[in-house]
Amino acid sequence: MNATDIDLGIGFGHGKVILIGEHSVVYDQPALAAGLRAGIRARATRGDGRLRVPAWGLEAKRGDGSPAGLALDRLLDALDLRDLDFDLQADIPSRCGLGSSAAMAVAVARAAVAATGRNNADVSAAVAQAETVFHKSPSGIDSAAAMHGGLGAFSKQQGWRPIALRQPLKILIGLTGTPHDTGAQVAAVARLCARAPVARRLVETLGEVALAAIDAVGVGDIDSLGRLFDIAHGLLAGLRVSSPALDAMVHGARAAGAIGAKLTGAGGGGAVIALAPSHAADVLARWRADGFDGFETHVGAAQNA
Ligand code: MEV
């Protein structure tokens, strides 16, 4: 080990799952989301602005012209820091709807701050700078979930409000295996709303569905939450952010006994979520039989926070 290998700081960012409210949250509607226990751990050492994520085959350097290099540049500029390298251990896949870019930015910013003892640094402002590279004008929901973990209600005006659950909520996450481009999906919804103003009503209805979901989860009404997942998927499909694979996974989950299923994140690929309290193994088996991966996790538990 040489001097540059010595750990200077460690930081963690949670992966995220949006339960209800993707896309509509961009238009100031409320949303319900959670930080996952899985996420990204960053180790900061002395260096010259390199970023390595072996699990994704990603290597970037400040100023190399790549999106990750640009995001790192903006993040370190915002923190007014230099002379650090970052090695990242990722246990979520990239560009699949689970908030990989926000988790990466939060982990790197926290490691940088830990390395330099700059405890008064504005981590969320630095993360927001990095996120503009991947998401153009993000609502901030991914970064908030990546920072806080646990379950929360989020809106652009009010930020993240934690929701305490008596019992953790078990959800299934299914992966299409097709990466997506969040910025492109958000831009497509904006174009649709401009061409067909009635689409804005779908966005507003998604906000109402999110409010109902926040109420349902607060009283542990999982059946209602499942129905709201189904309604939200229909509205998101109306906004044209679903895909044949996402629809197949949603329908497969329902056929295998899920009480509700929907796409999660920006759509166009990426991931779905399902609630299947009595049929989790059946849903996972159905997804596997159809060629998709999936896993069970729980959100809102104390250890997520
Ligand atoms: C992406 O995880 C969520 C979107 O609503 C975009 C955003 O909120 O910035 C699609």
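Residues numbered from 1 in each chain as written. Predicted model: local features only at pLDDT ≥ 70, side-chain atom pairs only at ≥ 80, totals over all residues. Heavy atoms only, no water.

Colleague: Explain the pairing of strand β6 (residues 150-155) here, please?
Modeller: Most of β6 is tucked away: six of the six residues are buried. Both faces of β6 are covered, namely the face carrying Gly150, Gly152 and Phe154 and the face carrying Leu151, Ala153 and Ser155. Here strand β2 (residues 31-46) runs beside β6; their pairing, made up of five bridges, is antiparallel. Note on β6: the bridge partner recorded for Ala34 is Leu151. As paired strands, β6 and strand β7 (residues 159-163) are joined by five bridges and run antiparallel to one another. (Buried < 20%, exposed > 50% of the residue type's maximum accessible area, 1.4 Å probe, protein only. Helix = DSSP H or I, 4+ residues; strand = E, 2+ residues; numbered from the N terminus. Pairing = 2+ DSSP bridges.)

Colleague: Sorry, what's going on with the site of the ligand here?
Modeller: The local shell around the ligand holds 13 residues, among which Lys16, His23, Val25, Ser139 and Asp142 are the closest. Take His23: an N or O atom from its main chain is 2.9 Å from an oxygen atom of the ligand. In this structure, Ser139 approaches the ligand through a side-chain N or O atom, which is 2.6 Å from an oxygen atom. Here the ligand loses 97% of its free accessible area of 300 Å² to cover by the protein chains. In a pocket analysis with a 2 Å cut-off to the grid points, the ligand is assigned to the largest pocket. Of all elements in the fold, only β1 (9-20), α4 (141-148) and α5 (182-195) reach the threshold of two or more residues within the shell around the ligand. (Near = heavy atom within 4 Å. Polar contact = N/O pair within 3.5 Å; in protein donor to acceptor, adjacent residues only side chain to side chain. Areas by Shrake-Rupley, 256 points an atom, 1.4 Å probe, with all protein chains shown as cover. 1 Å grid on protein atoms, 1.4 Å probe; cavity = no way out; pocket = protein on both sides within 12 Å on 5 of 7 lines; lining within 4 Å. Sits in = over half its atoms within 2 Å of the grid points.)

Colleague: Where do I start with the environment of His23 in this structure?
Modeller: Looking at the secondary structure, you find His23 in the loop between β1 and β2. For His23, a relative accessible area of 5% gives the class buried. For His23 and Ala78, which are 55 residues apart along the polypeptide, the C-alpha to C-alpha distance reads 27 Å. If sequence neighbours within four positions are ignored, His23 has contacts with Gln185, Val186, Val189, Leu236, Val241, Gly265 and Ala266. From its side chain, His23 meets the backbone oxygen of Ala266 in a polar contact 2.8 Å long. (Contact = heavy atoms within 4.5 Å.)

Colleague: Explain the environment of Ala31 to me, please; I cannot follow it from the model alone.
Modeller: Secondary-structure assignment places Ala31 in strand β2. The class of Ala31 is buried, set by a relative accessible area of 0%. Residues Ala31 and Ile18, spaced 13 residues apart in sequence, show a C-alpha to C-alpha distance of 7.6 Å. Excluding its chain neighbours within four sequence positions, the residues that come into contact with Ala31 are Ile20, Gly21, Val25, Ile141, Gly152, Ala153, Phe154, Ala210 and Ile214.

Colleague: Looking at this structure, I do not really get the sheet that holds strand β9 (residues 260-264). What am I missing?
Modeller: As a general point, the strands of a sheet are linked pairwise by backbone hydrogen bonds and lie either parallel or antiparallel. With antiparallel pairing, the four strands of this open sheet are ordered in space as β9-β10-β8-β11. With one partner strand each, in any of the chains shown, β9 and β11 (293-299) form the two edges of the open sheet. Taking each pair of neighbouring strands and ignoring which way they run, the sheet shows an average axis angle of 25 degrees. Bridge count between strand β8 (residues 169-175) and strand β10 (residues 271-275): four bridges; the pairing is antiparallel. Each residue of the ladder has a partner; that of Leu172, found in β10, is Ala274. Sheet contacts for helix α7 (residues 222-238): β8, β9 and β10; angle to β9, the most-contacted strand, approximately 45 degrees. (Axes fitted to C-alpha atoms, helices over the stretch in contact; angles between N-to-C directions.)

Colleague: It is not clear to me how the layout of surface pockets should be interpreted in this structure. Could you clarify?
Modeller: Once rolled over the atoms, a probe with the size of a water molecule shows which space is left empty. Empty space within the largest pocket amounts to approximately 710 Å³. In terms of lining, the largest pocket is formed by 38 residues, of which the most central are Arg95, Ser101, Phe134, His135 and Thr182. Where the lining of the largest pocket is concerned, the elements lending two or more residues are β1, α1 (67-79), α2 (100-116), α3 (123-135), α4 and α5. When residues in the lining of the largest pocket are grouped by element, the largest group, four residues, is from α3. (Points joined across faces, edges and corners; volume = space filled by probe spheres on them.)

Colleague: I would appreciate a short explanation of the packing of α3 against α4 in the present structure.
Modeller: Each pair of packed helices gets described by two things: the angle between the helix axes and the distance between those axes. Put simply, α3 and α4 touch, their axes get as near as 10 Å, and they point 135 degrees apart. Taken together, the axes of α3 and α4 lie oblique to each other. Relative to α4, the crossing made by α3 is right-handed. Of α4, the residues touching α3 (which contributes Val123, Ser124, Val127, Glu131 and His135) are Asp142, Ser143 and Met147. (Parallel < 35°, antiparallel > 145°, perpendicular 65-115°, else oblique. Left-handed = near helix turned anticlockwise from the far one by under 90°.)

Colleague: What should I look at first to understand α2 in this one?
Modeller: The periodicity of an α-helix, 3.6 residues per turn, causes residues three or four places apart in sequence to face the same way. The end-to-end C-alpha separation of α2 is 24 Å, in line with the 24 Å expected for 17 residues at 1.5 Å each. The buried fraction of α2 is high, at 13 of 17 residues. Directly beyond the C-terminal end of α2, a positive phi value near 65 degrees is found at Gly117. (Expected span 1.5 Å × (residues − 1).)

Colleague: I'm lost on the domain arrangement of the protein in this one. Help?
Modeller: When the domains of the protein are assigned, the result is domain 1 (3-162) and domain 2 (169-299). Taking only C-alpha atoms into account, the centre of domain 1 sits 24 Å from that of domain 2. The partner domain 2 presents 43 residues to the 27 residues of domain 1 that form the contact. For the domain 1 and domain 2 pair, buried surface summed over both sides reaches about 2700 Å², with 72% attributable to carbon and sulfur atoms. Among the residues domain 1 hides against domain 2, the three largest losses belong to Ile20, His23 and Tyr27. Together they make up 26% of the total. A salt bridge links Lys262 to Glu22, with the shortest nitrogen-to-oxygen separation between them at 3.0 Å. For the pair domain 1 and domain 2, the number of links is nine residue pairs in polar contact (both at pLDDT 80 or more). Of all the secondary-structure elements, those providing two or more residues to the side of domain 1 that touches domain 2 are β1, β2, α3 and β6. Tallied by class, residues from the side of domain 1 that touches domain 2 come to 17 nonpolar, five polar and five charged. (Domains from an automatic or database assignment. Buried area = accessible area lost by both parts, 1.4 Å probe. Salt bridge = Lys/Arg side-chain N within 4 Å of Asp/Glu carboxyl O. Nonpolar A, V, L, I, M, F, W, Y, C, P; charged D, E, K, R; others polar.)

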